[in-house]
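Examination of the molecular architecture
Now for the letters of each chain:
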Amino acid sequence: LLEKEAEAMPQGEPAPEASAAAANAGTSSKIEELTAQAKVAAEANPDNLCAKTLLEAEVQTWMATLPAAKLDELALCAKSGLDNHDSGLGCYAVDPTNYDDLAPFFDRVCEGYHHGGGKVHKTDWSLEGVEGLPADGQLDLQKLGLGKELSMRVRVGRNLTAFPLPGLMTKADRVNFEKTMLKAFDVLKANPDYGGNVFSMTPNDVWSEVTGEAENPNLISADKYQELVDAHVMFKDMAADPYLASAGIASDWPCGRGCYQSADGGFIIWFGEEDQLRIMCMAKGFVLNSVFDRLHTALQAVEAIDGIAFATSSKYGYVTSCPSNLGTGMRASVHVAVPNLTSDGTDAKAKAAAKPLGLSVRGMGGEHTPIGKDGTIDLSPSSRLFITEAEIVT
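Anyway, here's the lowdown on the structure attached to this text. This is a predicted model, so every value here is computed, not measured.

A look at unusual backbone geometry
Here the bond from Trp253 into Pro254 is cis, since omega is 5 degrees, no more than 30 degrees from zero. Among the structural elements, Pro254 can be located in the loop between helix H11 (242-246) and strand E3 (258-261). Despite not being glycine, Asp252 has its phi angle at roughly 65 degrees, a positive value. Relative to the helices and strands, Asp252 resides in the loop between H11 and E3. The class for Asp252 is partly exposed, based on a relative accessible area of 26%.

Below, the structure is given as structure tokens:
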């Protein structure tokens, strides 16, 4: 009987038991590799949340149950923090489903960063009844004694369900995503409240290779790109960011990257950045309601466009690549000069003063960019998750 079974076994193929053993050995090897990297990162920076989480006993036990494909995906999520030991959070989701299918890891990371204590995120844009709202309902910065108009910006990060998150996108994914969004941009351009133009950085040869079309109809020159960057309309070269590079988010630069800008310049949609979409309203003035209300209206217009379905989590609200942006995905910021806190040419003192107040300080071009020569910083509330949009802006 044994001889007959041996004869029936396809020649040149390993027995099922051997295949399973090889798979288990590969999984064990991957876990050992991740663990070794996490130990090095945690030793170099005990505050590296990604590394600390990977070393937790419960997470180690859970990793041993993962199929090889999911373990590889977890490794991609953790790569930025393991490569860059100075990371604070150190991980990025690479697929909209990661916060569910890799929950034993991401739940602990989110708790360590957001301190939710089991809360479930709720979305609410209504200012009615929000603590801190003035009686007249106007969030007027002049009432705080500011006499010079400020650059005000409110933005949200969004990702579509139909594509991987940027860390797992291929070059073709990035270009196809851009082409998908062109339909939405056409709707906005035809709306007299928006109008505007699309500015793309995808080279013609790549556009042709992926879409079959001869030319990218929205391609801009290097000079035009720099002009938009200098005007804070377009984002900077992501390939220069080591954190985003390790995460795979900066891959294939500049393919699938660009922005839409309304005719009046105040409504902008970045595509192909850390999240698939960064949707923002900006203006100079004093009343924050103006940019907040316009963004809410614009988001409703975008979400109503056929084929646009934003990724959400039942626990964490809107899905974003970085767990720090989950929930609202919102940053409401102003550019304000603080020369006394930046007299040494850095934002270190400003950050130290802002942190206890629940505020974050960045450079004028966003995270990892320099402050203004006059000491101007980008100041915003730090919270994104387990807080409503209305609470952020007030």
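What follows picks up the thread again.
Some remarks on the pattern of salt bridges
Under the counting rule described, the total for this entry stands at 15 salt bridges. Two residues, Lys70 and Asp101, come together in a salt bridge whose shortest N-O distance is 2.8 Å. A residue pair is termed long-range when its members are at least 10 positions apart, and Lys70 in helix H5 (residues 68-83) and Asp101 in helix H6 (residues 98-101) qualify at 31 residues. Under the relative-accessibility criterion, Lys70 is labelled partly exposed at 22%. For Arg174, the salt bridge is made with Asp252, and the minimal N-O distance between the two is 3.1 Å. Taken together, the residues Arg174 in helix H8 (residues 171-190) and Asp252 in the loop between H11 and E3 connect sequence positions 78 residues apart. The exposure class assigned to Arg174 is buried, which follows from its relative accessible area of 3%. Several salt bridges share partner residues, and in doing so they unite Glu273, Glu274, Asp275 and Arg278 into one network.

Points about the side chain of Asn216
Mapped onto the elements, Asn216 comes out in the loop between helix H9 (204-211) and helix H10 (222-230). Among the polar contacts listed, one links the side chain of Asn216 to the side chain of Ser200, at a separation of 2.8 Å. Non-local contacts of Asn216, meaning those with residues more than four positions away in its chain, are made with Glu178, Ser200, Thr202, Asn204 and Trp207.

Some remarks on the nonpolar core
Ranked by internal contacts, the top residues of the largest apolar core, which has 57 residues, are Leu54, Met63, Leu74, Phe105 and Met234. In terms of residue count, the dominant contributor to this core is H5 (six residues). Non-local contacts of Phe105, meaning those with residues more than four positions away in its chain, are made with Cys50, Thr53, Leu54, Trp62, Leu74 and Cys91. The next biggest cluster of nonpolar side chains, apart from the first, holds 49 residues, and it includes Val206, Phe310, Tyr318 and Ile387.

Describing the sheet that holds strand E2 (residues 197-200)
In space, the eight strands of this open sheet follow the order E2-E3-E4-E5-E1-E8-E10-E9, with antiparallel pairing throughout. Two strands lie at the open edges of the sheet, namely E2 and strand E9 (359-362), each paired on one side alone. On average, adjacent strands in this sheet sit at an angle of 25 degrees to one another, irrespective of strand direction. Where E3 meets strand E4 (residues 267-271), four bridges bridge the pair, whose relative direction is antiparallel. Bridge pairing in E4 places Gln261 opposite Ile268. Relative to the sheet, H8 contacts E2, E3, E4 and strand E5 (277-285), its axis offset from that of E4 by approximately 170 degrees.

Definitions and limits used
Residues numbered from 1 in each chain as written. Predicted model: local features only at pLDDT ≥ 70, side-chain atom pairs only at ≥ 80, totals over all residues. Heavy atoms only, no water. Helix = DSSP H or I, 4+ residues; strand = E, 2+ residues; numbered from the N terminus. Buried < 20%, exposed > 50% of the residue type's maximum accessible area, 1.4 Å probe, protein only. Salt bridge = Lys/Arg side-chain N within 4 Å of Asp/Glu carboxyl O. Polar contact = N/O pair within 3.5 Å; in protein donor to acceptor, adjacent residues only side chain to side chain. Contact = heavy atoms within 4.5 Å. Core = buried A, V, L, I, M, F, W, Y, C linked by side-chain atoms within 4.5 Å. Pairing = 2+ DSSP bridges. Axes fitted to C-alpha atoms, helices over the stretch in contact; angles between N-to-C directions.

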